[in-house]
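Spelled out, the chains give:
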Amino acid sequence: MPAIAATRPENPHLSDALARIAPSRTTAMTDRAIALKEAGHDIIALSVGEPDFATPPHVVAAAKSALDAGATRYTTVGGTARLKAAAALHFARDLGIELPTRQITVSAGGKQAIFHALLASLNADDEVLIPAPWWVSYPEIVHFAGARVVALPTMAAGGFRITPAQLAAAITPRTRWLVLNAPGNPTGACYTASELQALGAVLARHPRVLVLSDDIYAALRYADRPHATLAVACPQLAERVLTISGVSKSHAMTGFRIGVAAGPAWLIAAMERLQSHSSGNACSVSQAAAVAAFEGPQGFLAEWRGRLRARRDACVAALNAMPGLSVPVPEGAFYAMVDAGALMARFGDDEALALHLLNHGVAVVAASAFGGRECGLAGFRISFAADDARLAEALRRIAKALA
Ligand SMILES: Cc1ncc(COP(=O)(O)O)c(C=O)c1O
């Protein structure tokens, strides 16, 4: 895929803030795959960040009932009382975070909650620590806010986890936020409670640093141990941890655009202040659907996890058998980060490799889109949330393309 240039201020009508950010490269690759498909090409898109499962029927039914019941108006900015209560139930039951509803807010996707939290709290030249490889939107949102990204490089050999020493060395008087995303996109990395406590011991010495704990993939873990999250592992830090969750990934509801956040009351109020002038509120119909998602049966998740785990194992085994590729087993989410460094002499860079694979009918996203260069990683992220037959065909195409 050719580099997608950041929008630069050659157009005098654009703001300096917009000129600092590039379009999302995951979305760009997916749009490109869709355009090729529409032009009649047979493309398997493994670039997209959403489960292929159908939204559970009880959630769809709740959305239809909401429409019939006339839930088609503005709601309160931070979400309906009903959804805030359902989100409080979700945070307590699924993550162990017990907070009153005034410390919970609802946005149009986890992405908007993160956008509002960072914009509401960052000033020019503040620093945000982001472990690399990272989810594409974190650095762009930080840049939009005028702040600086400080990459914390991680390696496959270390489970793509940051260490306490690395964190301690990176914190400066300008550090405002640490971003922790587990299970992580694009690596699937997870932390144990004791690893989080070791990071928490460093953070305890720096009271000015806030933590964005993005747990949006918490329901999709494949190891047998329970999910660990910073606000629970380190209760003494809870007053400066914002935990992000939602229904997009766990309930296959990406199009509904509902995300939830739990954290200190002052920050939740600040996010709602900003939201009152941006989206106003998340979609009323989607909010009703999210109530059903949080309050309804959760049993399907075990089955989804089982299917995703089988696909993960097939995908990792097939890729590791291809010369020049190396893939650690992701512990969560539905992505594998493939190291193709050994093929760079042939392809030049990983964008050229991703383009080569697209020409062979498979859309993946170059590791450089996720800050791969910050940690010396050249390769690609592949999503294994695709049906078994398509995934198997995609793996055959990749093998042929690299042969
Ligand atoms: C790590 C991470 N955080 C947050 C989000 C945002 O999810 P959404 O806005 O769809 O709820 C995504 C989506 O791809 C993600 O991968």
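Before reading further, recall that the structure is shown in the block above.
In this report, the structure presented in the accompanying data block is examined.

Cut-offs used in this document
- Residues numbered from 1 in each chain as written.
- Predicted model: local features only at pLDDT ≥ 70, side-chain atom pairs only at ≥ 80, totals over all residues.
- Heavy atoms only, no water.
- Phe/Tyr/Trp six-rings, centres within 6.5 Å; stacked < 30°, edge-to-face > 60°.
- Helix = DSSP H or I, 4+ residues; strand = E, 2+ residues; numbered from the N terminus.
- Buried < 20%, exposed > 50% of the residue type's maximum accessible area, 1.4 Å probe, protein only.
- Arc of directions from axis to C-beta.
- Contact = heavy atoms within 4.5 Å.
- Axes fitted to C-alpha atoms, helices over the stretch in contact; angles between N-to-C directions.
- Parallel < 35°, antiparallel > 145°, perpendicular 65-115°, else oblique.
- Nonpolar A, V, L, I, M, F, W, Y, C, P; charged D, E, K, R; others polar.
- Pairing = 2+ DSSP bridges.

A separate point is the packing of aromatic side chains. Counting across every chain of the model gives 8 aromatic pairs. Pairing tyrosine 217 with tyrosine 335 gives two aromatic rings, centres 5.7 Å apart and planes at 80 degrees, and the pair type is edge-to-face. Here tyrosine 217, found in the loop between β6 (210–214) and α9 (230–233), pairs with tyrosine 335, found in strand β9 (residues 335–339); they are 118 residues apart in sequence, far enough to count as distant. With a relative accessible area of 0%, tyrosine 335 lands in the buried category. Ring geometry for phenylalanine 300 and tryptophan 304: centres 4.7 Å apart, planes at 65 degrees, overall edge-to-face. Pair noted here: phenylalanine 300 and tryptophan 304 are both in helix α12 (residues 300–320), with a separation of 4 residues, about one helical turn. With respect to class, phenylalanine 300 is no different from tryptophan 304; both count as buried. An aromatic cluster is present here, built from Phe53, Phe300 and Trp304 joined pairwise through their rings.

In this section: helix α8 (residues 193–203). Within the sequence span of α8, burial applies to Leu196, Leu199, Gly200, Val202 and Leu203. Considered in projection along α8, the buried side chains sweep an arc of 155 degrees and stay on one side of the axis. Where α8 is buried, its residues contact α7 (164–170), β5 (175–181), β6 and α9.

This next bit is on the packing of helix α5 (residues 110–121) against helix α10 (residues 265–275). Here α5 crosses α10 at 105 degrees, and the two axes come no closer than 9 Å. Regarding the angle of α5 to α10, the classification is roughly perpendicular. Contact residues: Gln112, Ala113, His116, Ala117, Leu119 and Ala120 in α5; Leu267, Ala270, Met271, Leu274 and Gln275 in α10. Its residues assigned to classes, the contact of α5 with α10 shows 8 nonpolar, 3 polar and no charged.

Glancing now at the environment of proline 183. Mapped onto the fold, proline 183 is located in the loop between β5 and α8. For proline 183, a relative accessible area of 0% translates into the label buried. Expressed as a C-alpha distance, the spacing of proline 183 and phenylalanine 334, which sit 151 residues apart in the sequence, is 9.4 Å. Each residue touching proline 183, except ones within four places of it in the same chain, is listed here: Gly188, Ala189, Cys190, Tyr217, Ala218, Leu220, Arg221, His227, Gly332 and Ala333.

This part covers the sheet that holds strand β12 (residues 379–383). What the 3 strands build is an open sheet, ordered β9-β12-β11; its pairing is antiparallel. The outermost strands of the open sheet, each flanked by one partner alone, are β9 and β11 (365–366). Direction of pairing for β9 relative to β12: antiparallel, over a ladder of 5 bridges. When the bridges of β12 are listed, valine 338 appears paired with phenylalanine 380.

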